[in-house]
Amino acid sequence: MDISYRWLSDYIAHDLSPDELAHALTMSGLEVEDVTRRGPASEGVVVGHVEAVRSHPNADKLVLCDVNIGTDAPLQIVCGAPNVAAGQRVPVATVGTTLRLPEDDTRVPFTLEAVELRGEASQGMICSGHELEISDDQDGILVLSDDAPVGTPLADYLATQGLALTDHVLDIAITPNRPDAVSHIGVARDVAALTQGTLRRPDVDYPHTDSDAPPFEVSIEAPDACPRYVGLRVTGVTVDESPAWLQQRLAAVGLRPRNNVVDITNYVMYECGQPLHAFDYDRLQGPAIRVRLAEGGETFTTLDDVSRDVPAGALLICDANAPVALAGIMGSANSEVTGDTTDLLIESAYFNPVTIRKAAKALQLSTDSSYRFERGVDADGQVWAAFRAAVLIAEIAGGEIDPDGFRDAHPRPQEPLMLDLRVERVAQLLGTPLTAGTLTQILSALGFGVDAAADDVLRCEVPLFRPDVRQEVDLIEEVARIYGYDQIPTPSHTRIPTHTPQALPSTTLRAQARTILTGTGHREVFTNSMLRKETADRFNQPPLGGAKDGAVVETLNPISREMAALRPTLLPGMLDVLQFNHNHGQDALHFFELGHVFRQDTDGGTVVQGYAEHEALLIASCGPVDTAAWDRTPRPADVFDMKGVVDALLRDLRVPDVAMEAVYESSDLTQHHLTITAQGAPIGMIATLAPALTADYDLEQDVCIAELDWAAVIALAAPHLERRFTPVQRFPVVERDLAVVVDDATPAGAMLDAIRAAGEPLLNAADVFDLYQGKGIPEGQKSVAFTLRFGADRTLTDSEVDAKMRAILTALQSNFDAELRG
């Protein structure tokens, strides 16, 4: 939301600079993301008088201008504007002035110097309104009135015309709970409370009441969707270009001026937050206004000349024959204001935020009006806004307010909410005592009605422009943000908890997993849980963990096609991350993500009946696992690297009885994969993605992934979460090596499990250090060598170690037909 610093000053007098104002607003809850300066350095631009215009001797499209700026001698300025002429008063940027000149879609600072153009000296620049950022006119220089005083700073002259040469625009991030702040008056109200100033809302005289015989009728057939509709007729209008001051105001907040009528409705919307719409009264059939819900199957052509299918339940504004506007969103060409319009009907209404939000999302059509109606406008501001616009139209467009042309249909009046505010409760929550007078001052400045109900209790009337304030604690929040969080003192003492808070096992395990995976060189990413329906369907298949006999979960009224379904697996988002980083020159791509995945579940559900949701962990690697050096070439990551990462993770989390089994089957998504089980139940998989899939994401090397059902991992690891300290061994350890010959298909992991079981309790560690096939080893067999480390709380004897070695060998022989290698 853009707020003009100068425009804001119409409603509140303050002495804050733009940066100081931005800081004050941010500290009060209206976060100012950026402050942008508009216009040139005002002291370098003055009013000049073109005394003579001569042809340029070396250029057909340039002329030489003698310009008097109040100095001893006129300046020679080379100019190429087609409308420059002798006798004009014009804005002149002198040498040394910095202008922000347009370049493509932005503006670039440019400091003027005395230069030669085609062999002729030029000592400044005659400016257009576009170059000065006060209008969009780029066709020629800005010509001032004949009474503009020569040599006067342009800023001083423009001020007498209601214009500003320079301004600052505050970009405020308005949160959904602050619909009152989407206007200059709304922001000015907060500034008034912060500076203890007085809010100056323009006085509007609207003595009119509903006529007994109005020239038009208003009927509301959907009062829940449209609790109030105000119509006001203005006659004798001349549609023309808006005055410069109005164009400048709109340009400051990013709006392109169109004509005086449309510009005034936009001006009032940005002034007070109430969207308005102006109909060409003579093009309305009846004339009548009928507010109804769409029945479904209807089409409507909006002002942008797009035919749209209107969803059932959307709100339509109709005349006696046909729809003329999508309520709260956009009007239609069949009733728009044109250059031939003379009579207007100004619409100022309150529409149900939910109704407008649903329609805008279904139509994928967001406008300035829908943005405000979706959040909730002031339910009591329709009449003021209508007459404010009508008065401006009468002044600027020469119209006249029809004394009988006012209708206020109000079938669902809203009553203000009354809340009690306890002074003692404020002190308890904020930690600092505030008097009833201070509370009254702050809340009154924010527009709340405040009366003393009883001792230390204030009776507060919540204004209708604050639908976010529903209970006492909301009032206290308003007090805190205006009083200033930085003024609330720090407690003089800190309470020490008698019990150390314990983190949930799931929280601890997540933290451990993040530490482990970061240590293995992986970085955590966060991706969107919503994606295209086609993408979700593509990835909702085995062997990915999300595909468990459940269809994809689709979203209702998606904002766009990109958010039409919930992810059944974390893989699509991860591939987007890999693609983005690869396209930006990164080659070592190692990431992980912890997030929720979703599917339909006809047998029950988790959080919601019929839908299953669980947390998953995805680890991905693509590209080299080490850096290049003079003595080595980087090796690309493969499935064994991923298996090692998963092994380390599950071992450190103490997940019991983990086993992995290779599945040599390919699919549209994977070439082959390993299934991971724990205590006999599947908990995940490791796979190399299919080349066709990775090619779709511009990835040139293999992508290895591991996907774990994190909820299952937590359930298995939580009972083993407690860690006990083991002191450093005081007695010497004994290391032995053991090499056995086994069948080629025998997994080394299973052999290690058997070795550890047989070697307890003296065996401290066991690892594979060699694998050999070839000369001396029979065909179809392999030699596997293990290194074993024994230790105890005493010095072991050779006989004790020998006994364990025999037990280990016996276990290998009985379970795997192993033979001791000679």
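Residues numbered from 1 in each chain as written. Predicted model: local features only at pLDDT ≥ 70, side-chain atom pairs only at ≥ 80, totals over all residues. Heavy atoms only, no water.

Caption draft 1: Helix α8 (residues 368–375), seen in detail. Taken together, the buried positions of α8 are Ser369, Ser370, Arg372, Phe373 and Glu374. For α8, the elements touching its buried residues are α6 (260–272), β22 (344–350) and α7 (353–363). Taken from the residues just after α8, Gly376 is the one with a positive phi, measuring 105°. (Buried < 20%, exposed > 50% of the residue type's maximum accessible area, 1.4 Å probe, protein only. Helix = DSSP H or I, 4+ residues; strand = E, 2+ residues; numbered from the N terminus. Contact = heavy atoms within 4.5 Å.)

Caption draft 2: Geometry of the environment of Leu693. Looking at the element boundaries, Leu693 is found in helix α17 (residues 691–696). Sequence-wise, Leu693 and Ala385 are 308 residues apart; in three dimensions their C-alpha atoms are separated by 57 Å. Aside from chain neighbours lying at most four places away, what touches Leu693 is Arg538, Phe539, Leu575, Asp668 and Leu669.

Caption draft 3: Fine view of the pattern of salt bridges. In total, this model carries 38 salt bridges according to the counting rule given. Residue Arg736 pairs with Asp802 through a salt bridge whose shortest N-O separation is 3.0 Å. You can see Arg736 sitting in strand β36 (residues 734–743) and its partner Asp802 sitting in helix α20 (residues 798–816), a full 66 residues away along the chain. A relative accessible area of 30% places Asp802 in the partly exposed class. A salt bridge links Asp753 to Arg756; the shortest N-O distance between them is 3.7 Å. Of this pair, Asp753 and Arg756 both sit in helix α19 (residues 748–759), three residues apart, which is roughly one turn of that helix. You can call Arg756 partly exposed: its relative accessible area is 37%. Overlapping salt bridges, with partners in common, bring together Arg178, Asp180, Asp190, Arg466, Asp468, Glu478 and Arg481 in one network. (Salt bridge = Lys/Arg side-chain N within 4 Å of Asp/Glu carboxyl O.)

Caption draft 4: Region of interest: the sheet that holds strand β37 (residues 763–772). If you walk across this open sheet you meet the four strands as β37-β38-β36-β39, and the pairing is antiparallel. Only two strands of the sheet have a single partner each, and these edge strands are β37 and β39 (819–820). Two strands pair when backbone bridges link them, and β36 and strand β38 (residues 781–790) are joined in this way by ten bridges, in the antiparallel orientation. Residue pairing across strands places Arg736 opposite Leu788, the latter belonging to β38. (Pairing = 2+ DSSP bridges.)

Caption draft 5: Highlighting the sheet that holds strand β23 (residues 400–409). A sheet is described by the order of its strands in space; here four strands give the open sequence β15-β22-β14-β23, paired in antiparallel fashion. Single-partner strands in this sheet number two, and they are β15 (276–280) and β23. The average undirected angle you get between the axes of adjacent strands in this sheet is 20°. In this sheet, β22 lies alongside strand β14 (residues 228–235) in antiparallel orientation, the contact comprising seven bridges. (Axes fitted to C-alpha atoms, helices over the stretch in contact; angles between N-to-C directions.)

Caption draft 6: Expanded view of the packing of aromatic side chains. For the structure on display, the rule yields five aromatic pairs. Seen in terms of ring centroids, Trp7 and Tyr267 are 4.8 Å apart; in terms of plane orientation they differ by 10°. Their pairing is stacked. One end of the pair, Trp7, is in helix α1 (residues 5–8); the other, Tyr267, is in helix α6, with 260 residues separating them in the sequence. Comparing Trp7 with Tyr267 shows no difference in burial state: the two are buried. With 5.7 Å between their ring centres and 85° between their planes, Trp245 and Tyr267 make a pair best called edge-to-face. (Phe/Tyr/Trp six-rings, centres within 6.5 Å; stacked < 30°, edge-to-face > 60°.)

Caption draft 7: Region of interest: a nonpolar patch on the surface. A cluster of nonpolar side chains, namely Val607, Val608 and Tyr611, defines an oily patch on the protein surface of about 310 Å² accessible area. Tracing the backbone through its elements, the reader meets Tyr611 in strand β31 (residues 609–622). Assessed through its relative accessible area of 40%, Tyr611 is described here as partly exposed. (Patch = residues over 30% accessible without salt bridge, like charges linked within 9 Å, V, L, I, M, F, W, Y side chains within 5 Å. Areas by Shrake-Rupley, 256 points an atom, 1.4 Å probe, with all protein chains shown as cover.)

Caption draft 8: Broad picture of the side chain of Asp66. Take Asp66: it is sitting in strand β4 (residues 63–68). Sequence-distant contacts of Asp66, defined by excluding residues within four places in its chain, comprise His49, Val50, Glu51, Ala52, Arg54, Pro74, Leu75 and Gln76.

Keep in mind these numbers describe shape, not what the thing actually does.
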